[in-house]
Amino acid sequence: MRENIIIIPSNQVLAAGKSMGIVQNTLSKLSGFPDENINVSVKEEWKDALHTLLVPRKFIRLITAGKDNTLESMNLACNEDKILLYNSTEEGDTLIQIEERSKLENKLSLLIGNQATVRDISLPMTLDGLMTLSAISDIIKKQKLKNMLDPSYEMLPPRINEIQKIIEDSEEKMDPRWWLTPFISYIYGLNRKVNVNDGLMPLLEMKIIEAQEGVVYPTESGLAFLKDLSDRQGIIGMGSYYFKENKPLKNTIVILRTSDQIWYFQCGENSILSSVGHDEAKDIIKKELMSGDDVPQEDRQNYTLNKHEINKEIKTTDSRKWVCQCGKENISNFCGVCGKSKSEGSQQKARSKFCMNCGTELREDAQFCGNCGAKVKIDALIP
């Protein structure tokens, strides 16, 4: 046994568990350990790991990449008292490391760097919209790289069929170490065709892009946003499977660190992309590493799980969203139309502009708030 690493032949994991009276639960089956009827002599160092490995309360597929684009992929088995990091080798072994939850939280937090600028951005969209947004960002990144190598290279707005091809090629022809689209596709376990035309709709509504005659034109603010998404400094992807109140759940998140921002992707058929701060990102990681409820026994519950699908998926909502009585939907503390606070929800009609950060009334031509200094946002979700 190497230091801090437990090595068990993969074809002996289930047999060793059975010899100890451990019955593999539904979540552990996501690991794909072969079920062979063999006799196994259980080593002492295996015993501490086998119960968590075969009866986890949460299974997580974790992918990380730093600024050097070194990709690490591993499985996590989580219980209340410990977390196992494990992977299979080409030699047919399973390498297991028992990790303290707090230490793993700190290691992952290093990938998101220090403090980041937090913007008042929370963008709800469909999964098609999220994949389309990622593909456009990857196209812009490709063009930037080509332009760096050849300054005469002309960067052109992407065509819809080009975006569709990026998504279709993402799983087999694009490396998740470099590109956002295959990273999200892999960690989510995307197993259906993405409709780019449907995916463009929320991006058009949020004024990230405009489209005409099959060509997609990023808006000025949208282009800055898309370029930032392509400027990866570190990335974490976590696909979690667990049970809550006897119901199977799946949750997929991506945390992307760029040069100035931390972006939080809540991935699902109802996705949300938000700007978050360093402390909020750490809290998200901490929450994802918490274990779920006990897994129901299969002889009483007929659940089928695999890495691509689960009976029920967590619905994503933004808890910061509220609707003022004037009709404006907000995620800030003050209404951007009437200026009233979230608690007041005034019915007053808009007569002038108000700061969305502190509620101060502003001059019509104001670009910054004279009270708190916040930049004034005018009819745009993205500053």
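As recorded in an unreviewed UniProt entry, the protein chain goes by Zinc-ribbon domain-containing protein and comes from Proteiniborus ethanoligenes.

Further remarks concern the packing of helix 4 (residues 127–149) against helix 6 (residues 180–188). Between helix 4 and helix 6, whose axes approach to 7 Å, the crossing angle comes to 145°. Between helix 4, through L127, M131, S134, A135 and D138, and helix 6, the contact on the second element is made entirely by L180, T181, P182, I184, S185 and Y188. In terms of residue class, the contact of helix 4 with helix 6 is built from seven nonpolar, three polar and one charged.

Taken together, the ten strands give an open sheet; going across it, the order is 1-5-4-3-2-9-10-11-12-6, and neighbouring strands pair in antiparallel fashion. Every interior strand has two partners, whereas the edge strands, strand 1 (6–9) and strand 6 (122–126), have only one. Mean inter-strand twist for the sheet, computed between neighbouring axes without regard to direction, equals 20°. As paired strands, strand 10 (residues 247–257) and strand 11 (residues 262–267) are joined by six bridges and run antiparallel to one another. From the neighbouring strand, L256 faces strand 11, where its bridge partner is W263. Contacts from helix 2 (residues 44–54) reach strand 1, strand 3 (71–78), strand 4 (83–88) and strand 5 (93–99) within the one sheet, and its direction differs from that of strand 1 by about 70°. Across the face of the sheet, helix 3 (residues 101–110) comes into contact with strand 2 (58–65), strand 3, strand 4, strand 5 and strand 9 (234–244) while running at roughly 100° to strand 5.

If you look at the biggest cluster of nonpolar residues, it comprises 43 residues, and the most contacted ones within it are L133, I136, I208 and F265. The element that contributes the greatest number of residues to this core is helix 4, accounting for eight residues. Excluding residues within four positions of it along the chain, I136 makes contact with P158, I163, L200, L203, I209, V216 and L226. Counting 24 residues, the second-largest nonpolar core is a separate cluster that includes I8, I22, L50 and I96.

Backbone geometry places E245, a non-glycine residue, at a positive phi of 50°. In this fold, E245 is placed in the loop between strand 9 and strand 10. For E245, a relative accessible area of 63% puts it in the exposed group. We note that N246 has phi near 70°; this positive angle belongs to a residue other than glycine. As for its placement among the helices and strands, N246 is situated in the loop between strand 9 and strand 10.

Each value, and the rule that gives it
- Residues numbered from 1 in each chain as written.
- Predicted model: local features only at pLDDT ≥ 70, side-chain atom pairs only at ≥ 80, totals over all residues.
- Heavy atoms only, no water.
- Axes fitted to C-alpha atoms, helices over the stretch in contact; angles between N-to-C directions.
- Helix = DSSP H or I, 4+ residues; strand = E, 2+ residues; numbered from the N terminus.
- Contact = heavy atoms within 4.5 Å.
- Nonpolar A, V, L, I, M, F, W, Y, C, P; charged D, E, K, R; others polar.
- Pairing = 2+ DSSP bridges.
- Core = buried A, V, L, I, M, F, W, Y, C linked by side-chain atoms within 4.5 Å.
- Buried < 20%, exposed > 50% of the residue type's maximum accessible area, 1.4 Å probe, protein only.

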